[in-house]
Amino acid sequence: MTRRQRRMLLVASGAVVSALVVALLLQAFQRNLMYFHSPTEIVSGQTPEGARFRLGGLVVAGSVTRTPGTVEVAFDLADCENQIRVHYAGILPDLFREGQGIVVTGRLTEDAAFAADEVLAKHDENYMPPELAKSLESETGHSCAPFKSLERK
């Protein structure tokens, strides 16, 4: 083998290894990518089946129910138009309350409910998740009157 052939073989093998590393990184990134959806998108069927994603909205007043003797809780999460029942087994954040803007992470169940494995609440009482505010404005063209007090100022 000449020096040129060895150099070309080295360059080609380096390119193959680099392409393999990039392909593995992109695959890992895609697998760990988490999308945000609103209750309206879920009701309209725009969410992938079986995939983990984030759901944002406001906790509907009077919808929080706790199972006695356990840490299981269920509540409705709503945007301007629709609401989804959320089931969570765990300790809720101290700032969780009705009317609060929250984001939950989990999956849809067969009965069209949302099984959450994480609940996030913001400390500011005037908080609305930025993704939710953006999706509300894009779906309706304006912010909904009942939720105006929860938008950022």
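For the structure itself, look to the data block above.
First things first, this report covers the structure right here in the doc. (Residues numbered from 1 in each chain as written. Predicted model: local features only at pLDDT ≥ 70, side-chain atom pairs only at ≥ 80, totals over all residues. Heavy atoms only, no water.)

**Focus: the overall build of the protein chain**
Looking only at helices and strands, the protein chain features three helices and seven strands. The N-to-C order of helical and strand elements in the protein chain reads α-β-α-β-β-β-β-β-β-α. Out of the 153 residues in the protein chain, the part that is buried amounts to 33%. In the protein chain, 52% of the contacts between residues at least 6 apart in sequence involve partners at least 24 apart. A total of about 9,900 Å² of accessible surface is found on the protein chain, and carbon and sulfur atoms cover 56% of it. (Helix = DSSP H or I, 4+ residues; strand = E, 2+ residues; numbered from the N terminus. Buried < 20%, exposed > 50% of the residue type's maximum accessible area, 1.4 Å probe, protein only. Contact = heavy atoms within 4.5 Å. Areas by Shrake-Rupley, 256 points an atom, 1.4 Å probe, with all protein chains shown as cover.)

**A word on a positive patch on the surface**
Positive charge collects at one region of the surface, where Arg3, Arg4, Arg6 and Arg7 lie side by side. Among the secondary structure elements, Arg4 is positioned in helix H1 (residues 3-32). For Arg4, a relative accessible area of 62% translates into the label exposed. (Patch = residues over 30% accessible without salt bridge, like charges linked within 9 Å, V, L, I, M, F, W, Y side chains within 5 Å. Salt bridge = Lys/Arg side-chain N within 4 Å of Asp/Glu carboxyl O. Lys, Arg positive; Asp, Glu negative; His and termini not counted. Charge placed at Lys NZ, Arg CZ, Asp CG, Glu CD.)

**Things to note about a nonpolar patch on the surface**
Residues Val17, Val21 and Leu25 make up a contiguous nonpolar surface patch of roughly 280 Å² in combined accessible area. Within the secondary structure, Leu25 is located in helix H1.

**Looking at the environment of Leu92**
Mapping Leu92 onto the fold places it in the loop between strand S5 (83-89) and strand S6 (101-108). Expressed as a C-alpha distance, the spacing of Leu92 and Glu118, which sit 26 residues apart in the sequence, is 8.7 Å. Discounting chain neighbours no more than four positions away, the residues touching Leu92 are Arg66, Val73 and Val119.

**Remarks on the pairing of S5**
Of the two faces of S5, only one is covered, namely that formed by Ile84, Val86 and Tyr88; the face formed by Gln83, Arg85, His87 and Ala89 stays uncovered. As judged from the seven bridges shared by strand S4 (residues 72-78) and S5, these two strands associate in the antiparallel manner. Paired with Val73 across the strands is Tyr88, a residue of S5. As judged from the three bridges shared by S5 and strand S7 (residues 114-121), these two strands associate in the parallel manner. Pairing of Val86 across the sheet is with Phe114, part of S7. (Pairing = 2+ DSSP bridges.)

**Section: H1**
For H1, built from 30 residues, the straight-helix expectation of 44 Å at 1.5 Å per residue is met to within 8% by its first-to-last C-alpha distance of 44 Å. Within H1, only zero of the 30 residues are buried, which leaves the element largely exposed. (Expected span 1.5 Å × (residues − 1).)

**Quick look at unusual backbone geometry**
Not every positive phi belongs to a glycine, and Ala112 is a case in point at roughly 65 degrees. Position of Ala112 among the secondary structure elements: in the loop between S6 and S7.

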